[in-house]
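# Remarks on the overall topology
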Amino acid sequence: MISLVILTFLGIIAIEVPGLIRKKYWKELIVFLLLLFIAFIASILLAMGFEFPSLIKGIEILIKYILR
Amino acid sequence: MINKSLITSRQAFLLIVLANISTAVLFVPTTPVEIVNQDGWIPVILSTFFAALLLYYPLGAMCKKYPEHTIIQYSPLILGRFIGKLFAALFIYYFFIIHCLALREFGELVITFMPETSINVPIIFISLISIYTVKCGLEVMGRCAEIIFPLGFISLFIIGLFSIEQGDYTNLQPFMESSIMPLMIATLSPLDWLSLGLVFGIFAPCVNNKRSLVKIGIYAVFLSGAILTIFSIINILVFGSDLLKILNYPLLILSRVSKFEPFERIEVFIILLWVSWVFIRVSLFSYATVLGLSQLFNFTDHRFLIVPENLLAIAYSLFMYDSFVEMSYAFSISQLYYISIPLGLTIILWLTSIIRSKMKT
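Residues numbered from 1 in each chain as written. Chains lettered and ligands numbered in written order. Predicted model: local features only at pLDDT ≥ 70, side-chain atom pairs only at ≥ 80, totals over all residues. Heavy atoms only, no water.

## Focus on the pattern of salt bridges
Two side chains that carry opposite charge are able to pair once their charged atoms sit near each other. This structure, assessed with the given rule, holds 5 salt bridges over all chains. A salt bridge links E16(A) to K135(B); its shortest N-O distance comes to 3.0 Å. Of the two residues, E16(A) is situated in helix α1 (residues 2-22) and K135(B) in helix α7 (residues 120-136); the pairing between them involves two chains. Here R256(B) makes a salt bridge to E267(B), at a shortest N to O gap of 2.8 Å. Here R256(B), found in helix α13 (residues 250-257), pairs with E267(B), found in helix α14 (residues 267-296); they are 11 residues apart in sequence, far enough to count as distant. (Salt bridge = Lys/Arg side-chain N within 4 Å of Asp/Glu carboxyl O. Helix = DSSP H or I, 4+ residues; strand = E, 2+ residues; numbered from the N terminus.)

If you want it as C-alpha cells, here you go:
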C-alpha cells in the first residue's frame, strides 16, 4: 500500500514538474511541491493507519461555549 | 490573471443551484426536524429568505461593482492588503472544506449500496473525473451542468410525485407549535446548505451578461429553497417527524417506499441524481480552491495546482471523520462554524465596500 502511494506521487512529479521547469515557473514549483509534500505525508500516515485527532471536539467545545 | 472562458447566465444559475442542493436534498430536513418536530419545513423557507438577503444580494452587488475580479481579488481591494488576503485565505479554506465534505458524503452513500467496498475507492474515482473536468475548465463544467441538472430534476420530480399519495396530512399538525427561538436555531442548518453558493464569487467574472449578476444569485437561491422546502414537506408528510429524526438518508428511504403501479423500487434514480450532481459540486469546489489559491499568490496559471489539491482533499476527507455517525453528529452541531465564513465575512466585505464608496463621494 505504501509503495503504491510512493509510486503514485513519483508519477505525478514526473508528469507535472518538467513542464513547470521548462516554463521557469520557480514560485509555482515551490507551492506545487509544498502542497504535494503535505498530501504525501497525509497519504503515508493514512496508509499506515495513523489517526489524526478529530476537529469535531474543538468545534463542539466552541459551539457549546457560544450557545451558553 | 485573464479568464478567457465564458459561461452564459443560465449555466451560472444552474451551477449555483447544484452547489447549493446537490447533497442537501438527500439529508433535508433531519436537523430542523430534530429541533422543531413537524414544523421542520418552516425553517427551510425562512433560511431561503435569509440567504437571499444576507449572502446573494451582497455578493451579486459586489460582483457587479468589480465585474473583472473574483472575490479573492477584490477583497484585498476593499479591505486593504493584509486583512483582505486573510479573508481570501479563509474563503479558500471554506471551499476546500466543502470539497472534502462532498467527497466524503459521496463515499458514504456509495458504501451503503456496496458495503464490502472500501470508502477510498469511490472517493478516488470521483476525484479522477473531477481532476479531468477541472483541467478542461469552467466552460465544460457549465455545459455539464446544463445536461445534468434536468436529469436529476426529473428524478426528483418522479420520486416526489410517486410518494405524495402515501402522505398523511395529520403529520403536519399541529401547525406552528414551536415558538420563535427554536425556529431561528433550526434555521441555521438549511442556511448552512444554502450558503454554499458563495462559490458564485469565484465564477462571476466569467458570466457573459454582467447586468444580470444580482438576479442570477437571487433566482438560484429561490429555486434551491423551493426544491428543499417541497422535499421537506413531502418527507414530513410521508414519515412523520418521529421517524424522520432517526433516518440517515430520508430521500433514499422515500424512494424505497414510493410506488406507482407498475413502477416500484426507484432508488436507481437516487444513484443517478447523486452521482451526477455530486460530480458537479466536487469539480466546482475543486476549481474554486485551485483558482483561489493561484489568485492569492498571483500566479499566471492555475492548472498545475489541480492534482496536489485533489490529493490533499482525498487525504483530508478520509481523515475528517471516523464514521457516518460521527459525520452526521458533526453536521448537527457545527452549522454556526460553517455559516460564519460565507455569511459573516461576505457581509463585512459588502458593508466595508459601501462605506468606502460613500466616503469617496
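Here the narrative resumes, following the displayed structure.
## What to know about unusual backbone geometry
In this structure, P29(B) follows V28(B) across a cis peptide bond, with omega equal to -10°. For P29(B), the location among the structural elements is in the loop between α2 (24-27) and α3 (30-36). The backbone of K24(A) shows a phi angle near 60°, a positive value even though the residue is not glycine. Along the chain, K24(A) turns up in the loop between α1 and α2 (26-47). Assessed through its relative accessible area of 60%, K24(A) is described here as exposed. Within the chain, N298(B) stands out as a residue other than glycine whose phi angle is a positive 60°. Assignment of secondary structure puts N298(B) in the loop between α14 and α15 (306-320). (Buried < 20%, exposed > 50% of the residue type's maximum accessible area, 1.4 Å probe, protein only.)

## Description of empty space enclosed by the protein
By the definition in use, this model includes 2 cavities of 30 Å³ or more. Each pocket or cavity is described by its volume, and for the largest cavity that value is around 60 Å³. What lines the largest cavity is L55(A), I56(A), I59(A), Y93(B), I97(B), Y316(B), M320(B), Y321(B), Y337(B) and Y338(B). Elements that contribute at least two residues to the lining of the largest cavity include exactly α3 (56-67) of chain A together with α6 (81-113), α15 and α17 (335-360) of chain B. By residue class, the composition of the lining of the largest cavity is 10 nonpolar, no polar and no charged. Each pocket or cavity is described by its volume, and for the second largest cavity that value is around 30 Å³. Lining the second largest cavity are Y93(B), Y94(B), I97(B), Y337(B), Y338(B) and I341(B). (1 Å grid on protein atoms, 1.4 Å probe; cavity = no way out; pocket = protein on both sides within 12 Å on 5 of 7 lines; lining within 4 Å. Points joined across faces, edges and corners; volume = space filled by probe spheres on them. Nonpolar A, V, L, I, M, F, W, Y, C, P; charged D, E, K, R; others polar.)

## Brief notes about the interface of chain B and chain A
At the junction of the two partners, chain B supplies 26 residues and chain A supplies 28 residues. Together, the buried faces of chain B and chain A total about 2500 Å²; carbon and sulfur atoms form 78% of this surface. Considering only the side of chain B, the residues that lose the most area to chain A are F304(B), L312(B) and F319(B), jointly responsible for 26% of the buried surface there. Connecting chain B to chain A are 1 salt bridge. Put simply, the parts of the chain that give the side of chain B that touches chain A at least two residues each are α15, α16 (324-333) and α17 of chain B. (Contact = heavy atoms within 4.5 Å. Buried area = accessible area lost by both parts, 1.4 Å probe.)

## Overview of the layout of surface pockets
In this model, the largest pocket occupies a volume close to 830 Å³. For the lining of the largest pocket, the leading source of residues is α15(B), giving 8 residues. Considered class by class, the residues forming the lining of the largest pocket number 23 nonpolar, 7 polar and 3 charged. Approximately 550 Å³ is the volume found for the second largest pocket. If you trace the second largest pocket, you find 22 residues lining it, with L35(A), I38(A), F96(B), L312(B) and Y316(B) closest to the centre. Of all elements in the fold, only α2 of chain A together with α6, α14 and α15 of chain B reach the threshold of two or more residues within the lining of the second largest pocket. Residue contributions to the lining of the second largest pocket peak at 6 residues, all from α15(B). Taken together, the residues that form the lining of the second largest pocket break down as 19 nonpolar, 2 polar and 1 charged.

## Here we look at the packing of helix α4 (residues 42-65) of chain B against helix α9 (residues 180-194) of chain B
Residues and elements named next belong to chain B. Between α4 and α9, whose axes approach to 8 Å, the crossing angle comes to 60°. As summarised for this structure, α4 and α9 are arranged oblique, according to the angle between their axes. Note on packing geometry: the crossing formed by α4 with α9 is right-handed. Contacts between α4 and α9 involve I42, P43, V44, L46, S47, T48, F50, A51, L55 and Y56 from the former and L183, M184, A186, T187, P190, L191 and L194 from the latter. When the residues that make up the contact of α4 with α9 are grouped by side-chain class, the tally is 14 nonpolar, 3 polar and no charged. (Axes fitted to C-alpha atoms, helices over the stretch in contact; angles between N-to-C directions. Parallel < 35°, antiparallel > 145°, perpendicular 65-115°, else oblique. Left-handed = near helix turned anticlockwise from the far one by under 90°.)

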